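# Descriptive structure summary
One letter stands for each residue in the lines below.
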Amino acid sequence: EWVIGFLYEGVYGGVAAVLGFVPQILILFAFFAILEDSGYMARIAFVLDRIFRRFGVSGRAFLPMVMGFGCGVPAMINTRTLASDKERTKTIRVIPFFTCGAKAEFLTLIAAAVASAVGFDAGAFTFLVYLLGVVIAIASVILMNHTTLREKVPPFIMELPSYHLPQVKSLGLHVWDKGKH
């Protein structure tokens, strides 16, 4: 009986839970591949660099932070593209503050409980929790930049690619390469 429980609830349940996130991650990677292959992602990072520098990170940190809303694990893996170890550390430390798909289920449950107990709108509560995560992430980066991880953000120099339509084959290869990891 315990062997069947272990296999069904432990092994099968664990594998099914992990595989449940694969479509979300693949869709996330597909959208980022479209933005990157079209030349738009580099421009987003370049434009946001001026804003992000005020908080102590470069515009390159935008992609991992936005990915944190989809899934925190690939977002943290994506920080390897950042210029310095301190910037990478700051970005990795704030990614958990962004509400990803795994946290959204619990957030919905809590929002429903708060809405029924207090009479507060569940949608507004959910939005405020998302917003609170972003505010705490910004405050944390500022705090780290003024204390333990103080550094001058290196200049953000990059050649902006031209705009073009993404190729379906290259998008598929990109998503497959990211997805298999």
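Heads up: these notes are all about the structure in this document.

So, how was this worked out
Residues numbered from 1 in each chain as written. Predicted model: local features only at pLDDT ≥ 70, side-chain atom pairs only at ≥ 80, totals over all residues. Heavy atoms only, no water. Core = buried A, V, L, I, M, F, W, Y, C linked by side-chain atoms within 4.5 Å. Buried < 20%, exposed > 50% of the residue type's maximum accessible area, 1.4 Å probe, protein only. Helix = DSSP H or I, 4+ residues; strand = E, 2+ residues; numbered from the N terminus. Contact = heavy atoms within 4.5 Å. Phe/Tyr/Trp six-rings, centres within 6.5 Å; stacked < 30°, edge-to-face > 60°. Axes fitted to C-alpha atoms, helices over the stretch in contact; angles between N-to-C directions. Parallel < 35°, antiparallel > 145°, perpendicular 65-115°, else oblique. Left-handed = near helix turned anticlockwise from the far one by under 90°. Nonpolar A, V, L, I, M, F, W, Y, C, P; charged D, E, K, R; others polar.

### Details of the nonpolar core
Across soluble globular proteins, nonpolar side chains have a tendency to be buried as a group. Membership of the largest hydrophobic core comes to 22 residues, with the highest contact counts inside it found for Phe-52, Met-65 and Met-67. Contributing elements (two or more residues each) for this core: α1 (2–37), α2 (40–53), α3 (62–70) and α7 (122–146). Discounting residues that sit within four places of it in the chain, Phe-52 has contacts with Val-57, Ser-58, Gly-59, Ala-61, Phe-62 and Met-65.

### Focus: the environment of Pro-155
Considering the arrangement of structural elements, one finds Pro-155 in the loop between α7 and α8 (168–180). If near-sequence neighbours (up to four positions away) are discounted, Pro-155 is found in contact with Arg-53 and Arg-60.

### Overview of the packing of aromatic side chains
Tallied over the entire structure, the rule returns 4 aromatic pairs. Aromatic side chains Phe-69 and Phe-98 sit 4.9 Å apart centroid to centroid with 50 degrees between the ring planes, which places their arrangement in the tilted category. With a gap of 29 residues between them, Phe-69 in helix α3 and Phe-98 in the loop between α5 (85–94) and α6 (101–118) connect regions that are remote in the sequence. On the basis of relative accessible area, Phe-98 is assigned to the buried category, the value being 6%. Taken together, a centroid distance of 6.3 Å and an interplanar angle of 15 degrees make the contact between Phe-69 and Tyr-130 stacked.

### A short note on the environment of Leu-107
With respect to the helices, strands and loops of the structure, Leu-107 is situated in helix α6. Note on Leu-107: relative accessible area 8%, which makes it buried. Once residues lying within four places of it in the same chain are set aside, the contact partners of Leu-107 are Thr-99, Phe-125, Thr-126, Val-129 and Tyr-130.

### Describing the packing of α6 against α7
Packing of α6 against α7 brings their axes to within 8 Å, and their N-to-C directions diverge by 130 degrees. Viewed along their axes, α6 and α7 adopt a mutual orientation that is oblique. When the axes of α6 and α7 are compared, the crossing they make is right-handed. In this structure, α6 uses Ala-104, Leu-107, Ile-110, Ala-111, Val-114 and Ala-115 to contact α7, whose residues at the interface are Ala-122, Phe-125, Thr-126, Val-129 and Tyr-130. Each residue belonging to the contact of α6 with α7 can be placed in one class, and the counts come to 10 nonpolar, 1 polar and no charged.

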